[in-house]
Amino acid sequence: MFPFSDAGIISGLICGFLFGYVLENAGFGSPAKLTAQFKLSDWSVFKVMFTAIVVAAGGLYLLRVVGLMPADAVFVPTSLLMAAAIGGALIGAGFAVGGYCPGTSVVGMFSGRMDAMVFIIGLMLGTFVFAGLYGPAIETVMALAEIQGGDTFTDAWGIPELVLLAIMGAALVAIFYFGGRLERASKGPVTAEEAVAGAGDRPPV
Amino acid sequence: MSIAISSSPPTRVIKPFWPPLAAGLALGLVLLLTFVLTGHGLGATGASTRATAWLGLTLAPVATQANAYFGPMVEGGNPLNSWITWQVIGVAIGAFVAAFLAGRFRLQFDGSRSIGTPRRLTTALLGGLLAGFGARVAAGCTSGLGLSGAATLGIAAFVFLATFFAVGLIASRMVRGV
């Protein structure tokens, strides 16, 4: 019965290796490519991320219905919605300004980008600042807007998982369709050559 | 002797990135494998937070042990000793191997060409600072909360992704980061 609940070095290295290998091949070590998502000219970030979410969510669902994985077997983030909203906003701003999110900064650094190393130093500084300010005030804000009923849409509001998967599937199709249209109407996805050359002026459409 | 001497650097073969659908399918399967092996998803800031706590413990042990956030984290010995640290080391190796095999490894300060090195230094540091602080508020980042949380149909993950995208969209119009 899954999961194996393995917390060892080998599983960490294997999962991490595959994660980094796929992210680099997707182009996510390049800040030019990553930030082009917010300029709406390259939809790779959303296409890759939402495809992965639908595949993994569908896989988890299947493992559960065939009885290989019990319900509540995997970790679900607590529904602290204020904390999630503030954190999302700050990481979105950090992504637009710094060119990376925390995971992709590791990919950037190990594809040779020294600016990614600076981003990681920034990450650690931000962590120090948070720890320095941590106390009752921050804890109070972080505890706001918690959904008491549960952490998933199914537990909290009784929305069936299949309905959620269908909505996510439809959203995925919409991302590929409309994202593709916006890509064709602009400079389009950042290519590997452009990414390796580094951020800079791209030829006009 | 017929060795051609050229002033231009050797042409490197740069392989294209994977198509987004293929990369997304692969990422989804890696994420699913991670859930099956460990019971949780992939992450990133779990490791940078532990590295920060470890640095604090090394530089200022008393203050770090007394700190309300780091204290509990360093109680059980070396904070680096955890699955997420190994996972991020794996990410580094995997990214290096992928970039190297595809001819995409290049030492550079990305963004220097577009906005200049001093300004890029500032945006990279500031961006990291915002993301580092934000990830502690949300107790997760784009990987741990956004990607992995959404795969478990967690409500917080979708709230995170919504504000992440909205603020990123606005901020990228106000500041040129790279």
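Before reading on, note that the structure itself is shown above.
Basis of the calculations
- Residues numbered from 1 in each chain as written.
- Chains lettered and ligands numbered in written order.
- Predicted model: local features only at pLDDT ≥ 70, side-chain atom pairs only at ≥ 80, totals over all residues.
- Helix = DSSP H or I, 4+ residues; strand = E, 2+ residues; numbered from the N terminus.
- Buried ≥ 20, exposed ≤ 12 C-beta atoms within 10 Å, placed from the backbone.
- Contact = placed C-beta atoms within 7 Å.
- Nonpolar A, V, L, I, M, F, W, Y, C, P; charged D, E, K, R; others polar.
- Expected span 1.5 Å × (residues − 1).
- Core = buried A, V, L, I, M, F, W, Y, C linked by C-beta atoms within 7 Å.
- Axes fitted to C-alpha atoms, helices over the stretch in contact; angles between N-to-C directions.
- Parallel < 35°, antiparallel > 145°, perpendicular 65-115°, else oblique.
- Left-handed = near helix turned anticlockwise from the far one by under 90°.

Further remarks concern the overall build of chain A. On a plain count of helices and strands, chain A comes out with ten helices and zero strands. When the elements of chain A are put in sequence order from the N terminus, they spell out α-α-α-α-α-α-α-α-α-α. Overall size of chain A, expressed as C-alpha extent along the three principal axes, is 50 × 45 × 35 Å. Out of the 205 residues belonging to chain A, those deemed buried represent 52%.

Of the regular secondary structure elements, chain B holds nine helices and zero strands. When the helices and strands of chain B are read in sequence order from the N terminus, they spell out α-α-α-α-α-α-α-α-α. Structurally, chain B occupies a C-alpha span of about 70 × 40 × 40 Å along its principal axes. Looking at chain B as a whole, 56% of its 178 residues are labelled buried.

Here we take up the interface of chain A and chain B. Contacts between chain A and chain B engage 113 residues on the former and 112 residues on the latter. For the side of chain A that touches chain B, the class distribution of residues is 72 nonpolar, 32 polar and nine charged.

Let's shift gears to helix 7 (residues 117–138) of chain B. Residue and element names in this part refer to chain B. The first and last C-alpha atoms of helix 7 sit 31 Å apart over 22 residues, in line with the 32 Å expected at 1.5 Å per residue. In terms of burial, helix 7 is largely enclosed, as 17 of its 22 residues are buried. Among the residues trailing helix 7, Ala139 stands out with phi positive, at a value near 55°.

As a further point, take the nonpolar core. Of all hydrophobic cores here, the largest spans 111 residues; its most connected members are A:Val22, A:Ile53, A:Ala56 and B:Leu31. Of the residues forming this core, the biggest block, 13 residues, is contributed by helix 3 (residues 44–65) of chain A. Beyond its immediate sequence surroundings of up to four residues, A:Val22 is in contact with B:Ala23, B:Ala26, B:Leu27 and B:Val30. Listed in part, the seven residues of the second largest apolar core include A:Ala36, A:Val190, A:Ala195 and B:Val178.

Within the secondary structure, B:Ala157 sits in helix 9 (residues 155–174). You can call B:Ala157 buried: it has 29 C-beta atoms within 10 Å. Between the alpha carbons of B:Ala157 and B:Thr45 there is a distance of 15 Å; along the sequence they are 112 residues apart. Contact partners of B:Ala157, with chain neighbours within four places excluded, come to A:Pro77, B:Leu145, B:Gly146, B:Gly149 and B:Ala150.

Below, the discussion takes up helix 5 (residues 102–109) of chain A. Summarising burial for helix 5 of chain A: eight of the eight residues are buried, a large majority. What helix 5 of chain A keeps buried is the set A:Pro102, A:Gly103, A:Thr104, A:Ser105, A:Val106, A:Val107, A:Gly108 and A:Met109.

A word on the packing of helix 3 of chain A against helix 9 (residues 161–184) of chain A. Geometrically, a packed helix pair is captured by the angle between its two axes and the distance between the axes. Residue and element names in this part refer to chain A. It is at 10 Å that the axes of helix 3 and helix 9 come closest, and there the two elements cross at 160°. If you check the angle between helix 3 and helix 9, you find them roughly antiparallel. Of the two possible hands of crossing, helix 3 and helix 9 adopt the one that is left-handed. For the pair helix 3 and helix 9, the contacting residues are Phe46, Lys47, Phe50, Thr51, Ile53, Val54, Ala57, Gly58 and Tyr61 in the first and Glu161, Leu165, Met168, Gly169, Ala171, Leu172, Ile175, Phe176 and Gly179 in the second.

Okay, the packing of helix 5 of chain A against helix 6 (residues 114–133) of chain A next. Residue and element names in this part refer to chain A. Where helix 5 contacts helix 6, the two axes come as close as 8 Å, and the packing angle between them is 145°. For the element pair helix 5 and helix 6, the recorded crossing hand is left-handed. Contacts between helix 5 and helix 6 involve Pro102, Ser105, Gly108 and Met109 from the first element and Ala116, Met117, Phe119, Ile120 and Leu123 from the second. Taken together, the residues of the contact of helix 5 with helix 6 break down into seven nonpolar, two polar and no charged.

Okay, the environment of B:Ala95 next. Within the secondary structure, B:Ala95 is located in helix 5 (residues 83–101). Once the C-alpha coordinates of B:Ala95 and B:Phe70 are considered, the two residues, 25 residues apart in sequence, prove to be 29 Å apart. Residues in contact with B:Ala95, not counting those within four places in the same chain, are A:Gly20, A:Leu23, A:Glu24, A:Gly29, A:Val106, A:Val107, A:Phe110 and A:Ser111.

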